[in-house]
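Next come the chains, spelled out residue by residue.
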Amino acid sequence: MVLKNVCCIGAGYVGGPTCSVIAWKCPDICVHVVDKSEMRIKQWNSDKLPIYEPGLEEVVKECRGRNLFFSNDIETAVKEADLIFISVNTPTKTYGIGKGRAADLKHIEMCARKIAEVAEGHKIVVEKSTVPVRAAESITHILSANTKPGVSFQASNAFLAQRVSSINAISALCEATGADVSQVAGAVGRDSRIGSKFLQASVGFGGSCFQKDLLNLVYIAECVNLPEVAMYWQQVTDMNEYQRTRFAKRIVECLFNTVTDKTLAVFGFAFKKNTGDTRESPAIYVCSHLLEEGAQLNIYDPKLVNGRPVRGPLQVLIDLWDKESYDEVRTTFGYVLDLDKLQSTCELAREELHKTQEVESKQIQCDLTSVAVTSEPERVQQLINIYSDPYDAVTDAHAIVVLTEWDEFKKYDYKKMLSVMKKPAFIFDGRKILDHEALINIGFHTETIGKRFSRNTLLRASGEHFPAFSWTP
Ligand code: NAD
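The shown structure was predicted, so the numbers you read here are calculated from the model rather than taken from an experiment.

Side note on the site of the ligand
Right, on to step 1. Looking at the ligand, there are 24 residues lining it, with V14, D35, T90, K212 and R279 nearest.
Right, on to step 2. Here an oxygen atom of the ligand sits 2.8 Å away from a polar atom, N or O, in the main chain of V14.
Right, on to step 3. At 3.0 Å, a side-chain N or O of R40 approaches an oxygen atom of the ligand.
Right, on to step 4. Contact with the protein chains hides 85% of the accessible area of the ligand, taken as 830 Å² for the molecule alone.
Right, on to step 5. Class assignment for the residues of the shell around the ligand results in eight nonpolar, 10 polar and six charged.

Some words on the side chain of Q211
Right, on to step 1. Relative to the elements of secondary structure, Q211 occurs in helix α9 (residues 210-223).
Right, on to step 2. You can call Q211 buried: its relative accessible area is 18%.
Right, on to step 3. In contact with Q211, other than residues within four places in its own chain, are F205, T237 and E280.

A look at the packing of α9 against helix α10 (residues 227-254)
Right, on to step 1. Their axes nearest at 8 Å, the elements α9 and α10 cross at an angle of 165 degrees. Of the possible angle classes, the one that applies to α9 and α10 is roughly antiparallel. Remark: the crossing between α9 and α10 carries left-handed chirality. Within the contact between the two elements, α9 uses Q211, L214, L215, L217, V218, A221 and E222 and α10 uses V229, A230, W233, Q234, V236 and T237.

A few points about the environment of I449
Right, on to step 1. As for its position among the elements, I449 is in the loop between β11 (445-448) and α19 (458-463).
Right, on to step 2. Each C-alpha atom, one on I449 and one on N168, is 8.4 Å from the other, the two residues being 281 residues apart in sequence.
Right, on to step 3. Excluding anything up to four places from it in sequence, I449 contacts S171, E175, V181, A201, S202, V203, Q243, F247, R250, D429, G430 and K432.

Quick look at the sheet that holds strand β4 (residues 83-86)
Right, on to step 1. The strand order across the open sheet built from five strands is β3-β2-β1-β4-β5, with neighbouring strands paired in parallel fashion. On the outer flanks of this sheet lie β3 (68-71) and β5 (124-127), each paired with one strand and no other. Within the sheet, the average angular offset between the axes of one strand and its neighbour, ignoring direction, is 20 degrees.
Right, on to step 2. In this structure, strand β1 (residues 5-9) lies alongside β4, joined through four bridges in parallel fashion.

Focus: the state of the cysteines
Right, on to step 1. Scanning the entire structure with this criterion turns up zero disulfides.
Right, on to step 2. A disulfide-free cysteine, C7 has its sulfur positioned 6.9 Å from the sulfur of C8, the nearest such atom.
Right, on to step 3. Of all cysteine sulfurs, the one in C26 lies closest to C63, which takes part in no disulfide; the gap is 9.8 Å.
Right, on to step 4. C63 sits in the buried class, given a relative accessible area of 0%.

Some words on the confidence of the model for the protein
Right, on to step 1. Taken residue by residue, the protein gives an average pLDDT of 85. The fraction at 70 or more is 81%.
Right, on to step 2. Taken as a whole, residues 306-312 scores under 50 in pLDDT and shows 20 contacts with residues more than four places along the chain or in a different chain.

Considering helix α3 (residues 56-63)
Right, on to step 1. Those residues of α3 lying buried are L56, V59, V60 and C63. Projected down its long axis, α3 shows its buried positions confined to an angular sector of 95 degrees, all on one face.
Right, on to step 2. Residues of α3 that are buried sit in contact with α1 (15-25), α2 (38-44) and β3.
Right, on to step 3. Phi for G65, located one or two positions after α3, is positive at around 85 degrees.

A word on the pairing of strand β10 (residues 426-429)
Right, on to step 1. Of the two faces of β10, both are covered, the one formed by F426 and F428 as well as the one formed by I427 and D429.
Right, on to step 2. With four bridges joining them, strand β9 (residues 399-402) and β10 adopt parallel strand pairing. Considered in β10, the bridge of V402 is made with D429.
Right, on to step 3. Handedness of the crossover joining β9 and β10 through helix α17 (residues 414-420): right-handed.
Right, on to step 4. As defined by bridge partners, β10 adjoins β11 across four bridges and the pair is classed as parallel. Bridge pairing links F426 to H445 in β11.

Description of the packing of aromatic side chains
Right, on to step 1. A full pass over the atoms with the stated rule returns 15 aromatic pairs.
Right, on to step 2. With a centroid separation of 5.6 Å and an interplanar angle of 65 degrees, the aromatic rings of F205 and F210 are classed as edge-to-face. The pair formed by F205 and F210 is uniform in burial state, with each residue classed as buried.
Right, on to step 3. For the ring pair Y391 and Y412, a centre distance of 5.8 Å and an interplane angle of 55 degrees mean the geometry is tilted. Linking Y391 in helix α16 (residues 390-394) with Y412 in the loop between β9 and α17, this pair joins segments that are 21 residues apart in sequence.
Right, on to step 4. Taken together, the ring pairs in this structure connect F267, Y300, Y391, F409, Y412, Y414 and F444 into an aromatic cluster.
Right, on to step 5. Residue placement shows R244 over the ring face of Y285; its charged tip is 3.8 Å from the ring centre.
Right, on to step 6. Across the ring face of Y52, the terminal group of K303 is positioned such that the distance to the ring centre comes to 4.1 Å.

Cut-offs and rules
Residues numbered from 1 in each chain as written. Predicted model: local features only at pLDDT ≥ 70, side-chain atom pairs only at ≥ 80, totals over all residues. Heavy atoms only, no water. Near = heavy atom within 4 Å. Polar contact = N/O pair within 3.5 Å; in protein donor to acceptor, adjacent residues only side chain to side chain. Areas by Shrake-Rupley, 256 points an atom, 1.4 Å probe, with all protein chains shown as cover. Nonpolar A, V, L, I, M, F, W, Y, C, P; charged D, E, K, R; others polar. Helix = DSSP H or I, 4+ residues; strand = E, 2+ residues; numbered from the N terminus. Buried < 20%, exposed > 50% of the residue type's maximum accessible area, 1.4 Å probe, protein only. Contact = heavy atoms within 4.5 Å. Axes fitted to C-alpha atoms, helices over the stretch in contact; angles between N-to-C directions. Parallel < 35°, antiparallel > 145°, perpendicular 65-115°, else oblique. Left-handed = near helix turned anticlockwise from the far one by under 90°. Pairing = 2+ DSSP bridges. Disulfide = S-S within 2.5 Å. pLDDT = per-residue confidence, 0-100. Arc of directions from axis to C-beta. Right-handed = clockwise from strand over helix to strand, strands pointing away. Phe/Tyr/Trp six-rings, centres within 6.5 Å; stacked < 30°, edge-to-face > 60°. Lys NZ or Arg CZ within 6 Å of the ring centre and 35° of its normal.

Pasting the structure below:
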């Protein structure tokens, strides 16, 4: 069989980037990415892609319209394809049997039925969504074809999540005993049987897969009457929840046991760096704990806020225009400007920036006001502000809380930030990415995961979770 046409059902985080790279690497193959969502496809066909990944925009721009196409015409794409990827979402069920734990396979089943209905001739169907063991049997039933069950992917995600929870468990122990989790991770990682990857302690894992796959594994284990196996894997997700809660509690404790009406600048909302994906982000949970305590949150994320570099030329132009600094506009942009034209450009630019900002601010608002997270969405709404500039976000704040490991956070001028913050100013590095010694030297009270710089909060911090440590001086 000569492979000429590839189709991917589901233009999400998996289908879109995977197929863009296939089209880029295989210019002789025609790739159609299809989705039932008109909005998603419109975004893939626009200048502002729905997903951010480094280099993705360049790849899509090179291939789109050449051998890469995004459309809603699922039937034609399926009919013409030699190979079909199913990359639709398999969220945790929110209803019926297995609610809150089992994977919802309704989208997968719909795809299988669609393929069976319209396909002519031989096709290779690749199930790319994460599905529980035996799901492939149902798909095979519908397609009358043979595919392998998807348990291995689920298990490897569970093992990765387990590593994160293991090092996070050690981080709690390090904080209580005065050890440094980075040193522990370094030593453990040098053991070639273990290896160094996924040993970075943090505020917890997130993303669309780990939690969902773990819960599904637990559910399957229970269904086949293996309660010990279920409990074992459940503990990996419990440890993740514990780590987020522990971090939030530590923030409250350090801020003199109350954050009510205090302003905290949150750096990072995506579940990891280099993505705009917030699904299951630890930031959602840490923020929601802080909101419950009445904190005012100034949230800044490089990608989510406006999807483009902070204070790009357009924003600079608008700011200068607003300040009526026309001479500065001329020197900054290096040419004599027609002020009338400039005014209309500024208005358009402002509208454009406002639009994108609004969409992505809405994502954060939705995450923090969803029923799964709060019973008081209106109150939460009042407590959060989304910022497009980190320096604005820290103005008059009592603390900075780092929740995503974006590289740009390492490069900020923290001395400048300190000067506009309330004193004493705190910084809580939930990703262990900042230069802590330097921050302490310029005057920040600094806290991070798996290490304590000051021991005076030890007693209070240990009490609730670690009664065994109440003897510490
Ligand atoms: P996503 O929610 O970003 O995208 C899924 C897309 O499928 C949506 O755009 C949706 O409109 C579309 N869709 C749903 N039903 C459809 C149908 N019947 N016909 C056409 N389109 C349909 O999801 P994702 O993050 O891309 O994940 C897809 C699958 O891959 C999931 O099972 C996930 O567990 C798995 N996975 C995800 C990752 C990851 O990093 N996100 C990694 C590995 C595996």
